[in-house]
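What the coordinates show
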Amino acid sequence: QEDQFKKVLSHAKEYGYVFQSSEIYDGLSAVYDYAQNGVELKKNIREYWWKAMVQMHENIVGIDASILMHPTTWKASGHVDAFNDPLIDNKDSKKRYRADVLVEDYCAKIEAKIDKEVAKAEKRFGEAFNKEEFVSTNPRVLGYHEKIKSILTRMAKSLENEDLADVKALIEELEIADPLTGSKNWTDVKQFNLMFGTQIGASAENSMQVYLRPETAQGIFVNFLNVQKTGRMKIPFGIAQTGKAFRNEIVARQFIFRMREFEQMEMQFFVKPGTQKEWYEKWKETRMRWHLSLGMGAENYRFHDHEKLAHYADAASDIEFKFPFGFKELEGIHSRTDFDLKAHEEFSGKKLQYFDHEENKSYVPYVVETSIGLDRMFLAVFSRALQEEELDNNTTRTVLKLPAVLAPYKAAILPLVKKDGLPEIAREIMDDLKWDFNVFYDEKDAVGKRYRRQDAAGTPFCITVDHETLTDHSVTVRDRDTMEQKRVAISELKELIRAAVDM
Ligand code: ATP
């Protein structure tokens, strides 16, 4: 698993997908830049989401709100008071960790012991082995489960009660050691706000403390009534937005899974109070279908319904994806009640109510939200697509099997040789196709080598112009995934590519 993750990192750099930010200065932790191919993949994912959410829904419209917002926004949303991570330092190594993550990692180790017990028993019992029965009756496994549950319950309770001394006590009781150095010498646990602050205004007296938004959702809430009125929207309706968000995360080595500057794709769906459960279920299902439509394997997704809910939610579920380091949250679907709109009413003194003509009354709508990290989706797609294949002739090839609709370039156009008029025809084909698709031209090196380069870069089709093209106006089209080649008339190329990349 770790190996696969390392390959993802180096491939992302080598093929121009993701670079470390400010690399010449040794980088900036948890901040990344998208390179020439990465920017295309990212744009295509954003577009795939936008089309599915906005273009395909008459009752969903988009906005693009600012990153800087009036600071009271974050008072109302609860972020100033409650958007915290509990942090703990190791006194010897001087390394800083999230206390809750240390405890969760400890539980993951117990979980691994359960897996070992199961594997051992499976070996012993062979065909007759019934995993469900074993897990629910074996005393050792039951003991492990009991332990995990009691640890996590205690941590959740302590955090909820702000009893940080008990979080520290738990870490000491479990004898958790610094993962890097093994030291067990911990400081007290402290709350740390994740918002980045900055100032507006030049002079000391006139400056105002503002924040870089930690989520895009609040830009939608404060614009709710403006959009509803000017767009003559009728409930139920949604507002969608994609854009940057910033969190001062304490993290190490998770690449673009957890960044300090990242992009969210969020949709807030405003519904009549009392109907939120129904819409919540509906959006869970709709969002899962969106993921499955990319064909990356149903076994790589699962729901994780939350038992412990955030202060604003009456139901919440994550869509988890199997990343190279295991199943982790990719998207959240939250039933946020009327918490946010009510809070903004209170703090702004302005009414944020909808007049329902059918009911003949005004109310503050309830909200169901779908929220996905664009960078996390990028990592999901990229890491799943990256494959090493054994070929018949005992060699291997590296291929990036990106869904065609998301691939940066849809086709590469390759003249077989750099003479006899072949480059000219290839250029003509390129000039025609580029109106419809992002296409790539390459005439360097032997054609086999060029194929491999396009495989690794994720281009679904290679179009080769050869001497036959001069007489029969056809080309060879090679498929990235099957490596099959077929002869296609130049006039049919557009149709062929379109069929593969249509949503
Ligand atoms: P996590 O538990 O992983 O910190 P979260 O529950 O705080 O995530 P939300 O606030 O629900 O996340 O944000 C919605 C989505 O935004 C997440 O599902 C994730 O895809 C993305 N996201 C959140 N934080 C980050 C980050 N630091 N870097 C990249 N993506 C992020």
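The model shown is predicted, which means the values in this text are computed figures rather than measured ones.

The next subject is the sheet that holds strand β16 (residues 366-373). Strand pairing in a sheet relies on backbone hydrogen bonds. The paired strands run either parallel or antiparallel. The strand order β3-β9-β10-β16-β13-β12-β11 describes an open sheet built from seven strands, whose pairing is mixed. The strands lining the two open edges of the sheet, one partner per strand, are β3 (60-62) and β11 (301-305). If you compare each strand with its neighbour and ignore which way they point, the axes differ by 25 degrees on average. Strand direction decides the pairing type here: β11 and strand β12 (residues 315-323), joined by five bridges, are antiparallel. Within the sheet, the bridge partner assigned to Arg-302 lies in β12 and is Glu-320.

Moving on to the UniProt feature "binding site: substrate" (unreviewed entry) in the protein. Cross-referencing UniProt, the feature "binding site: substrate" (unreviewed entry) maps to Arg-98, Glu-215, Phe-262, Glu-263, Gln-264, Met-265, Glu-266, Glu-369, Thr-370, Ser-371, Ile-372 and Gly-373 in the present numbering. For the residues just named, distributed over 276 residues, the greatest C-alpha separation reaches 26.8 Å, placing them at more than one site. The topology assignment puts Glu-263 in strand β10 (residues 261-271). Non-local contacts of Glu-263, meaning those with residues more than four positions away in its chain, are made with Thr-242, Gly-243, Lys-244, Leu-374 and Asp-375.

Moving on to the domain arrangement of the protein. For the protein, the assigned domains read domain 1 (84-191) and domain 2 (409-501). For domain 1 versus domain 2, the distance between C-alpha centres works out to 54 Å.

Bringing the nonpolar core into the picture now. Judged by nonpolar contacts, the single largest core of 56 residues is most densely connected at Phe-378 and Ile-463. Looking at which element gives the most residues to this core, the answer is helix α13 (residues 374-385), with seven residues. When neighbours within four sequence positions are excluded, Ile-463 is seen to be in contact with Ala-411, Ala-412, Ile-413, Leu-414, Ile-429, Val-475, Val-477 and Leu-493. If you look at the next biggest cluster of nonpolar residues, it comprises 23 residues, including Val-222, Ala-240, Ile-333 and Val-364.

This part covers the packing of helix α2 (residues 38-55) against α13. The N-to-C vectors of α2 and α13 enclose an angle of 110 degrees; their axes lie 10 Å apart at closest approach. For the element pair α2 / α13, the angle class is roughly perpendicular. Of the two elements, α2 crosses α13, and the hand of that crossing is right-handed. Residues Leu-41, Lys-42, Ile-45 and Arg-46 of α2 form the contact with α13, whose participating residues are Leu-374, Met-377, Phe-378 and Val-381. Across the contact of α2 with α13, the residue classes break down as six nonpolar, no polar and two charged.

As a further point, take the sheet that holds strand β4 (residues 84-89). The sheet built from three strands is open, its strands ordered β5-β4-β6 with antiparallel pairing. On the outer flanks of this sheet lie β5 (96-98) and β6 (190-193), each paired with one strand and no other. For this sheet the average axis-to-axis angle between neighbouring strands, irrespective of direction, equals 45 degrees. Looking at chain direction, β4 and β6 are connected through four bridges and run antiparallel. Counted as the bridge partner of Leu-87 is Lys-190 from β6.

As a further point, take the site of the ligand. With respect to spatial proximity, 16 residues lie near the ligand, and among them Phe-262, Gly-332, Ser-371, Gly-373 and Arg-376 are the closest. At the level of elements, β10, β13 (326-337), β16 and α13 are the ones that each hand at least two residues to the shell around the ligand. In terms of residues, the shell around the ligand owes the most to one element, β13, which gives four residues. In terms of residue class, the shell around the ligand is built from four nonpolar, four polar and eight charged.

About the cut-offs
- Residues numbered from 1 in each chain as written.
- Predicted model: local features only at pLDDT ≥ 70, side-chain atom pairs only at ≥ 80, totals over all residues.
- Pairing = 2+ DSSP bridges.
- Helix = DSSP H or I, 4+ residues; strand = E, 2+ residues; numbered from the N terminus.
- Axes fitted to C-alpha atoms, helices over the stretch in contact; angles between N-to-C directions.
- UniProt positions renumbered as here; feature names shortened; annotations may be inferred.
- Contact = placed C-beta atoms within 7 Å.
- Domains from an automatic or database assignment.
- Core = buried A, V, L, I, M, F, W, Y, C linked by C-beta atoms within 7 Å.
- Buried ≥ 20, exposed ≤ 12 C-beta atoms within 10 Å, placed from the backbone.
- Parallel < 35°, antiparallel > 145°, perpendicular 65-115°, else oblique.
- Left-handed = near helix turned anticlockwise from the far one by under 90°.
- Nonpolar A, V, L, I, M, F, W, Y, C, P; charged D, E, K, R; others polar.
- Near = placed C-beta within 6 Å.

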